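# Coordinate analysis (summary)
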Amino acid sequence: MYGGTYRLIKEVFEPFNVNFTFTDFTDTKQVQKAFLPSTKMVWIETPTNPLLKIFDIQAISELSHKKNAIVVVDNTFLSPYFQKPLLLGADIVVHSTTKYINGHSDIIGGAVILNNTELFGKIQLVQKSVGAVPSPFDSWLTLRGVKTLAVRMKQHEKNAFKVAGFLQNQKNVLEVFFPGLETHPGHEIAKKQMSGFGGVVSFKLKGGLAECNVFFKKLRIFQLADSLGGIESLANYSALMTHDYFPVELRQKIGVTDNLIRLSIGIEHIDDLLEDLKNALTI
Ligand SMILES: Cc1ncc(COP(=O)(O)O)c(C=O)c1O
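Residues numbered from 1 in each chain as written. Predicted model: local features only at pLDDT ≥ 70, side-chain atom pairs only at ≥ 80, totals over all residues.

### What to know about the overall build of the chain
Applicable threshold: Here a helix means four or more residues in a row that DSSP labels H or I, a strand means two or more in a row labelled E, and each is numbered from the N terminus. Within these notes, the globule rule equals 2.2 Å times the number of residues to the 0.38 power, and the radius of gyration is based on C-alpha atoms. For the exposure call, what matters is how many other C-beta atoms sit within 10 Å of a residue's own: 20 or more marks it buried, 12 or fewer exposed, and in between partly exposed, using C-beta atoms placed from the backbone.
Within the chain, the secondary structure is distributed over eleven helices and nine strands. Compactness check: the chain gives a C-alpha radius of gyration of 19 Å against a globular reference of 19 Å for 283 residues, within 12% of the reference. Along the longest, intermediate and shortest principal axes, the C-alpha atoms of the chain span 55 × 45 × 35 Å. For the chain, the residues scored as buried account for 37% of the 283 residues in total.

Encoded structure:
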């Protein structure tokens, strides 16, 4: 999961005695085992940040409901254009609207979407009482941005396919993560539950921090940044940026290694993006 979600759990919720069990949602047996009698909510992110793992929303929802737990899906990486978790049985969908929904990297916001009036009432009360609400200007920008969501998502995905294919053929690229690739372990589930594969492509570079640094320094169009989902292409070094809160051993265990680079593919001309990557990957 996104490092900030993990930090929120560890630093904010656990001190309030809200307990969490972490598990690998690609493994049904592990998921079964992770349920405790006290489990009330199952939280998943699919595709995950930054490894683009895919989890079966329908199967997880059915299992969780049998165990009397509700299911929350962080749908940030696809936006509602490519994935609609409520239709697959989830109870709550969350989005960082900072990303694709606004799409222009100029606001910070979030959205909670649900179809249950009772839960909605509870969340609305918290929203009203706690005070973390978006400003009118940020809301206006988000509404303005979302009007082009469909055209942006199509272009993000089109470019992402080309970038993923390009990276697969590079000598110093060890592994490419993109759910649209037939070799991706979650590809079949992705095809079933998503209508598109999104615009994020991650890859492992031969080497470590030093080699990644050279790559980042050579980039001209991709900018090194934490965020994703905007019209401009961004590159992210998850180990020291979005996922720096994870203890090193855990980070490495889940695959966020020191040679992992996450790319948020923008809507620029594909030739410019490929040229930029080619230059940056030249040793
Ligand atoms: C999957 C996911 N959820 C939530 C967030 C939080 O986003 P924000 O920056 O809007 O707090 C991020 C940020 O990268 C993310 O990748």
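### Considering the site of the ligand
Stated formally: Note on definitions: a residue is near a molecule or strand provided its C-beta atom, placed from the backbone, lies within 6 Å of it. Any residue outside Ala, Val, Leu, Ile, Met, Phe, Trp, Tyr, Cys, Pro, Asp, Glu, Lys and Arg is labelled polar, Gly included; the first ten of those are nonpolar and the last four are charged.
Not every one of the 13 residues close to the ligand is listed here, only the nearest: Tyr2, Asn49, Thr76, Ser96 and Thr98. Partitioned by chemical class, the residues of the shell around the ligand number three nonpolar, eight polar and two charged.

### Here we look at the domain arrangement of the chain
Heads up, the rule is: Domain delimitation follows an automatic or database domain assignment. Contact criterion: two residues are in contact if their C-beta atoms, reconstructed from the backbone, are within 7 Å.
When the domains of the chain are assigned, the result is domain 1 (3-146) and domain 2 (149-281). The distance between the C-alpha centroids of domain 1 and domain 2 comes to 22 Å. At the junction of the two partners, domain 1 supplies 28 residues and domain 2 supplies 34 residues. Listed by contribution, the elements that provide at least two residues to the side of domain 1 that touches domain 2 are helix H1 (3-13), helix H3 (57-66) and helix H4 (79-82). Of the residues contributing to the side of domain 1 that touches domain 2, the split by class is 15 nonpolar, nine polar and four charged.

### Examining the environment of Trp140
Position of Trp140 among the secondary structure elements: in helix H6 (residues 136-146). Exposure remark for Trp140: the 12 C-beta atoms within 10 Å place this residue in the exposed category. For Trp140 and Ala225, which are 85 residues apart along the polypeptide, the C-alpha to C-alpha distance reads 24 Å.

### Observations concerning the sheet that holds strand S5 (residues 173-177)
Put simply, the rule is: What makes two strands pair is DSSP finding at least two bridges between them.
The strand order across the open sheet formed by five strands is S5-S6-S9-S8-S7, and the pairing between neighbours is mixed. Of all the strands in the sheet, the pair left with one neighbour each is S5 and strand S7 (223-224). Two elements, S5 and strand S6 (residues 200-205), share four bridges in a ladder whose sense is antiparallel. Each residue of the ladder has a partner; that of Phe177, found in S6, is Ser202.

### Section: unusual backbone geometry
In the segment running from Thr46 into Pro47, the intervening peptide bond is cis, with an omega of -5°. Cis geometry is found at the peptide bond from Asn49 to Pro50, where omega equals 5°. With respect to the secondary-structure elements, Pro50 resides in the loop between strand S1 (41-45) and H3. Despite not being glycine, Asn17 has its phi angle at roughly 65°, a positive value. Summarising the element assignment, Asn17 is placed in the loop between H1 and helix H2 (28-34). In this structure, Leu52 is a non-glycine residue whose phi angle is positive, near 60°. With respect to the helices, strands and loops of the structure, Leu52 is situated in the loop between S1 and H3. By C-beta crowding, Leu52 is classed as buried, having 24 other C-beta atoms within 10 Å.

### What about the sheet that holds strand S4 (residues 110-114)?
In plain terms, the rule: In this analysis, axes come from line fits to C-alpha atoms, helices being fitted only over the stretch in contact, and the angle between any two N-to-C directions falls in the range 0 to 180 degrees.
What the four strands build is an open sheet, ordered S1-S2-S3-S4; its pairing is mixed. Of all the strands in the sheet, the pair left with one neighbour each is S1 and S4. Mean inter-strand twist for the sheet, computed between neighbouring axes without regard to direction, equals 20°. The pairing of strand S2 (residues 70-74) with strand S3 (residues 92-96) spans three bridges and is parallel.

### Things to note about the environment of Cys212
One can find Cys212 in helix H9 (residues 209-218). The spacing of Cys212 and Asn259 is 47 residues in sequence and 6.5 Å in space, taken between C-alpha atoms. The residues touching Cys212, leaving out its near neighbours within four places in the chain, are Leu205, Tyr237, Asn259 and Ile261.

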